[in-house]
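Tertiary structure, described
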Amino acid sequence: MPEDPLLPETVARALREYRGLRDRHGVCWGEQLIPYVGEVRTSAYLMKGYDYWGACFRRLAGSVPGAGRRDLDHYMADLDLDQVVRDALAGDVLDNLAALRLTPQGSMVEATTLVVLDDTPLRTTLMLDSSREEPVRVVVGGVPYELEPHGARLVEIDSTDEVVVDGHPVDLGTLTRRVEGARIRLRAGMPCRWSVAGTNGQGWYPEGVPRKLDHHRRPYFHGDDVTLEVPAEPISVSVTRGMEYATAEISLHLAPGEERLIELTPERLYDAAALGWYGGDLHVHLNWMGDEPAAPELAAAVQHGEDLHVLNLVAGNVAGDRVYDREALAHWAGQDLPWSDERHLARFGVEYRNDLLGHVTAFGLAAPPARFHSGFAATADREPNAFALEELRALGAVTGYGHPFHTDLSDTDPPDGGVAAGRNCSAREIVADAALGLVDSLDVLNHSSIQATAVVYRRLIGAGNRLAVTAGSDSVLSISRRGTASSPPGWQRVYAHVGEALTAESFAEAIRLGRTFATTGPWLDLTISGYGPGDTAQLAPGDSVEIRVRSIGPEVERLEIRTDEGIIAHGAPGELMTELVVREPTYVVAVATGGPHPRSCHPSGAYAHTSPVYLDVAGRHVARRADVEWCLRWLDLLQSLLQVDGRFDTEEQYEAHLTLYERARAIYRSRLT
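Please read all numbers here as calculations on a predicted model, not as lab measurements. (Residues numbered from 1 in each chain as written. Predicted model: local features only at pLDDT ≥ 70, side-chain atom pairs only at ≥ 80, totals over all residues. Heavy atoms only, no water.)

Details of the overall build of the chain
Secondary structure summary: the chain contains 13 helices and 38 strands in total. On C-alpha atoms alone, the chain measures out to a radius of gyration of 26 Å, which is about the 26 Å that the 2.2 N^0.38 rule sets for 673 residues. The dimensions of the chain, computed from C-alpha atoms along their principal axes, are 85 × 60 × 55 Å. Relative to its 673 residues, the chain shows a buried fraction of 59%. Residue pairs at least 24 apart in sequence account for 72% of intrachain contacts in the chain once pairs closer than 6 positions are excluded. Just so you have it, the chain exposes about 25400 Å², and 49% of that area is on carbon and sulfur atoms. Each charge class in the chain can be summarised by its mean position, and for the 63 positive and 96 negative side chains these summaries are 2 Å apart. (Helix = DSSP H or I, 4+ residues; strand = E, 2+ residues; numbered from the N terminus. Rg over C-alpha atoms; globule rule 2.2 N^0.38 Å. Buried < 20%, exposed > 50% of the residue type's maximum accessible area, 1.4 Å probe, protein only. Contact = heavy atoms within 4.5 Å. Areas by Shrake-Rupley, 256 points an atom, 1.4 Å probe, with all protein chains shown as cover. Lys, Arg positive; Asp, Glu negative; His and termini not counted. Charge placed at Lys NZ, Arg CZ, Asp CG, Glu CD.)

See below:
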């Protein structure tokens with residue numbers, strides 16, 4: 001029997017292994033419980049609006065007074081994450097988490113009642129939440145659970161389980177409401193993203209499809225000409241196809257047993273490929289813990305349903321040695337994935353991970369690398385990320401730092417906030433790697449702090465480095481409910497001006513040349529007297545240039561034009577123009593912003609940022625003194641951080657990092673003259 005081109009045996013074997021890990025260990029697949037693994041374990045219950053980190057720190061502070069981030073790393077395994085969920089919810093109940101409140105006066109069930117269409121038991125989670133001063137036993141489906149005073153426990157149940165407290169059965173009738181069913185068939189004429197929801201927000205899905213929620217808690221799935229069962233009561237149906245399309249939606253109320261064809265097509269807002277621009281997501285995981293291990297077939301459906309031109313599926317570890325999707329990378333390295341076509345390109349790449357120095361993504365590599373991570377499970381930070389960058393580049397990859405920064409950082413702040421203490425995945429080494437020309441890009445568009453990353457990015461290019469703006473969502477196809485991670489890949493994209501046939505090589509080269517902008521949805525165009533992002537204009541002192549910025553997208557509220565000196569013009573969306581008289585070398589970038597919007601899955605709202613047009617004067621490239629000194633200060637802070645939080649087996653390992661920083665310092669100091 002011929003091998004399935006979408007599921008070769010080595011990949012199928014890995015998927016079976018992942019399902020076994022999920023079945024034995026739950027959504028974290030047996031990974032060591034470090035803080036962000038704990039966040040994944042609780043994320044199905046603590047999506048938008050609930051503070052997992054704050055609840056962890058508050059509970060830790062009760063047992064370790066004065067505890068900080070380093071203490072959370074150390075004591076994470078001692079935290080009761082069921083209690084963390086209870087604390088963070090602060091009395092709320094969810095569609096997937098009912099609560100059995102155990103009070104001194106008795107017990108009661110609180111739940112968001114869900115619609116069911118037949119007698120199949122509803123599978124859900126029940127939180128046993130005690131406010132009693134003494135221990136209490138709860139029996140669920142014949143299994144006893146002992147709760148300590150003021151304890152909490154999350155228990156998987158179905159709606160037919162018997163729950164007994166204090167010898168008395170508990171009524172679970174509030175969990176479900178029976179409704180007659182109907183059937184709809186959805187057709188758009190092309191693969192799309194669909195959302196079908198009841199009046200209570202409950203999602204409805206075709207059989208066998210992952211029950212995904214995006215950052216806004218909207219249910220969604222991908223396909224065309226699909227059929228699904230729905231309740232015979234008011235529902236809404238909406239359809240879109242990634243950021244280049246608007247959303248079309250209707251409301252309807254079917255009669256019991258009715259079948260109806262719904263033909264609905266989203267309107268296109270702009271067509272980037274028609275202008276030679278192709279949008280990609282450079283940081284997507286097929287598998288990285290989660291509730292349902294994902295096969296390549298799901299990635300194919302998502303990419304075409306989102307009309308995502310370029311998809312980079314990265315192999316990477318979590319908290320130990322296991323590298324998820326390593327087998328898929330080995331099978332397909334250097335090849336387009338089988339569902340690629342002239343407008344859609346998919347490859348397997350790499351996320352090289354070190355939590356102290358930052359995570360590096362690689363696209364377009366010809367073969368698997370020898371190294372995938374360092375510094376995990378208390379092992380040494382054996383080498384700078386620069387070593388991995390050099391290897392990945394030798395394999396033909398374009399490289400960049402993903403989800404770079406997670407803190408508040410303004411244009412006037414010193415670099416101290418960017419080099420915060422602890423192993424928190426920040427892209428700390430990029431200031432050295434950029435000076436040495438070892439990295440091609442920075443994911444200014446990311447799931448964490450876009451604002452802080454944009455500040456660091458502009459400091460880096462102002463200090464004379466050449467870096468492209470890129471985007472990586474860090475979406476995870478094996479996770480169904482985790483905010484931005486369960487949002488569809490491509491919810492933010494880097495658009496690269498390829499200007500020719502789309503290939504992995506042409507897309508990577510456009511990034512290397514800086515012909516990019518990155519966005520949560522808006523189209524953003526920057527031209528300067530005929531030059532575009534990535535170009536360098538050679539000017540004489542006193543020359544003037546005309547700058548024109550254009551945006552498309554209903555979420556944009558403000559446009560900005562920035563140079564190394566800051567904002568030189570701003571205005572309303574649509575079009576912004578200004579003239580600049582150039583006396584010193586500089587760069588020009590455009591920025592579009594807006595508040596929270598249904599089209600943006602980033603918590604802070606809409607955002608787009610171009611790569612620079614460089615304006616060289618009399619042969620000199622921009623190297624603003626304040627930005628160079630800012631980068632030098634960063635390297636000093638990084639060296640101090642390394643002394644406190646770095647882990648090394650030998651003095652030679654430590655010296656390799658210091659040597660890298662000193663090489664970068666020499667380059668920055670040369671730019672001060």
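Next, the rest of the story.
Side note on the packing of aromatic side chains
Here the structure, examined in full by the defined rule, presents 18 aromatic pairs. Seen from their ring centres, Tyr 205 and Phe 221 are 6.2 Å apart, and the 55° between their planes marks the pair as tilted. Residue Tyr 205 is found in the loop between β12 (192–198) and β13 (212–213), and its partner Phe 221 is found in strand β14 (residues 219–223); the two are separated by 16 residues along the sequence. The buried category is assigned to Tyr 205, whose relative accessible area is 9%. Connected via pairs of aromatic rings, a cluster forms that spans Tyr 270, Trp 277, Tyr 495, Phe 517 and Trp 523. Lying over the aromatic face of Tyr 614, Arg 466 brings its terminal NZ or CZ to 4.3 Å of the ring centre. (Phe/Tyr/Trp six-rings, centres within 6.5 Å; stacked < 30°, edge-to-face > 60°. Lys NZ or Arg CZ within 6 Å of the ring centre and 35° of its normal.)

Section: the nonpolar core
Ranked by size, the top nonpolar core spans 102 residues in total, and within it Leu 313, Phe 363, Ile 430, Leu 460, Phe 507 and Tyr 668 carry the most contacts. The element that contributes the greatest number of residues to this core is helix α12 (residues 625–645), accounting for 10 residues. Non-local contacts of Tyr 668, meaning those with residues more than four positions away in its chain, are made with Val 431, Ala 435, Leu 460, Ala 463, Asn 465, Val 628, Cys 631, Leu 632 and Leu 635. One finds Ile 34, Leu 60, Leu 79 and Val 318 within the second-largest nonpolar core, a separate group that totals 41 residues. (Core = buried A, V, L, I, M, F, W, Y, C linked by side-chain atoms within 4.5 Å.)

Points about the pairing of strand β6 (residues 143–147)
Pairing of strand β5 (residues 136–140) with β6, which is carried by 5 bridges, proceeds in the antiparallel orientation. By the bridge assignment for β6, Val 139 is matched with Pro 144. Linking β5 to β6, which pair antiparallel, is a turn of 2 residues; within it Gly 141 sits at a positive phi near 60°. (Pairing = 2+ DSSP bridges.)

Re the pairing of strand β11 (residues 181–187)
Of the two faces of β11, the one lined by Ala 182, Ile 184 and Leu 186 is fully buried and the one lined by Gly 181, Arg 183, Arg 185 and Arg 187 carries no buried residue. Relative to strand β15 (residues 226–231), β11 runs antiparallel, the two sharing 6 bridges. Within the sheet, the bridge partner assigned to Arg 185 lies in β15 and is Thr 227. Sheet analysis places β11 next to strand β18 (residues 259–263), joined by 5 bridges and oriented parallel. Within the sheet, the bridge partner assigned to Arg 187 lies in β18 and is Glu 263.

Considering the sheet that holds strand β35 (residues 575–582)
As summarised here, the arrangement of the 3 strands in space is β30-β32-β35, forming an open sheet in which the pairing is antiparallel. Each end of this open sheet is capped by a strand with a single partner; those strands are β30 (523–528) and β35. Each strand of the sheet is rotated relative to its neighbour by a mean of 15°, with strand direction disregarded. With 8 bridges joining them, strand β32 (residues 543–552) and β35 adopt antiparallel strand pairing. Of the residues in β35, the one forming a bridge with Glu 546 is Glu 579. (Axes fitted to C-alpha atoms, helices over the stretch in contact; angles between N-to-C directions.)

Concerning the side chain of Ser 448
Relative to the helices and strands, Ser 448 resides in the loop between β25 (441–445) and α10 (450–462). The buried category is assigned to Ser 448, whose relative accessible area is 18%. In this view, Ser 448 contacts Phe 405, His 406 and His 602; residues no more than four positions away in its chain are not counted.

A short note on the pattern of salt bridges
Using the criterion set out here, one finds 56 salt bridges in the structure. Here Arg 482 ties to Glu 39 by a salt bridge, and the two come within 2.4 Å at their closest N and O atoms. Of this pair, Arg 482 sits in the loop between β27 (475–476) and β28 (493–497) while Glu 39 sits in helix α2 (residues 35–42), placing them 443 residues apart in sequence. Classification of Glu 39 by relative accessible area gives buried; the value is 16%. The partner of Asp 87 in a salt bridge is Arg 59, and the shortest N-O contact between them spans 2.7 Å. (Salt bridge = Lys/Arg side-chain N within 4 Å of Asp/Glu carboxyl O.)

Structural notes on unusual backbone geometry
Here the phi dihedral of Trp 29 falls at roughly 55°; this positive angle occurs in a residue that is not glycine. For Trp 29, the position within the fold is in the loop between α1 (9–25) and α2. Owing to a relative accessible area of 0%, Trp 29 belongs among the buried residues under this scheme.

Concerning the sheet that holds β15
Paired through their backbone hydrogen bonds, the strands of a sheet run either parallel or antiparallel. Read from one edge of the open sheet, 3 strands run β15-β11-β18, paired in mixed fashion. Looking along the sheet, the strands with just one partner apiece sit at the ends: β15 and β18. Taken pair by pair, the neighbouring strands of this sheet meet at an average axis angle of 30°, ignoring direction.

Points about the state of the cysteines
Taken as a whole and assessed by the stated rule, the structure comprises 0 disulfides. Not part of a disulfide, Cys 601 finds its nearest cysteine sulfur in Cys 192, a span of 16 Å. Residue Cys 601 is classed as buried on the basis of its relative accessible area of 4%. (Disulfide = S-S within 2.5 Å.)

Focus: the packing of α10 against α12
One can describe the packing of α10 onto α12 by two numbers: an axis separation of 8 Å at closest approach and a directional angle of 115°. The angle between the axes of α10 and α12 places the two elements in the roughly perpendicular class. Of the two possible hands of crossing, α10 and α12 adopt the one that is left-handed. Residues Val 456, Arg 458, Arg 459, Leu 460 and Gly 462 of α10 pack against Ala 626, Asp 627, Trp 630, Cys 631 and Trp 634 of α12. Among the residues forming the contact of α10 with α12, the class breakdown is 6 nonpolar, 1 polar and 3 charged. (Parallel < 35°, antiparallel > 145°, perpendicular 65-115°, else oblique. Left-handed = near helix turned anticlockwise from the far one by under 90°. Nonpolar A, V, L, I, M, F, W, Y, C, P; charged D, E, K, R; others polar.)

Some thoughts on the side chain of Thr 484
Residue placement: Thr 484 occurs in the loop between β27 and β28. For Thr 484, a relative accessible area of 13% translates into the label buried. In this structure Thr 484 touches His 215, His 447, Ser 475, Trp 491, Cys 601 and Pro 603, once residues within four positions along its chain are discounted.

Considering helix α6 (residues 296–305)
Since the α-helix packs 3.6 residues into each turn, any two residues three or four apart lie on the same face. Most of α6 is tucked away, with 7 of its 10 residues classed as buried. Three or more residues of α6 are buried, namely Pro 296, Ala 299, Ala 300, Val 302, Gln 303, His 304 and Gly 305. Asp 307 sits one or two positions beyond α6 and adopts a positive phi of about 50°.

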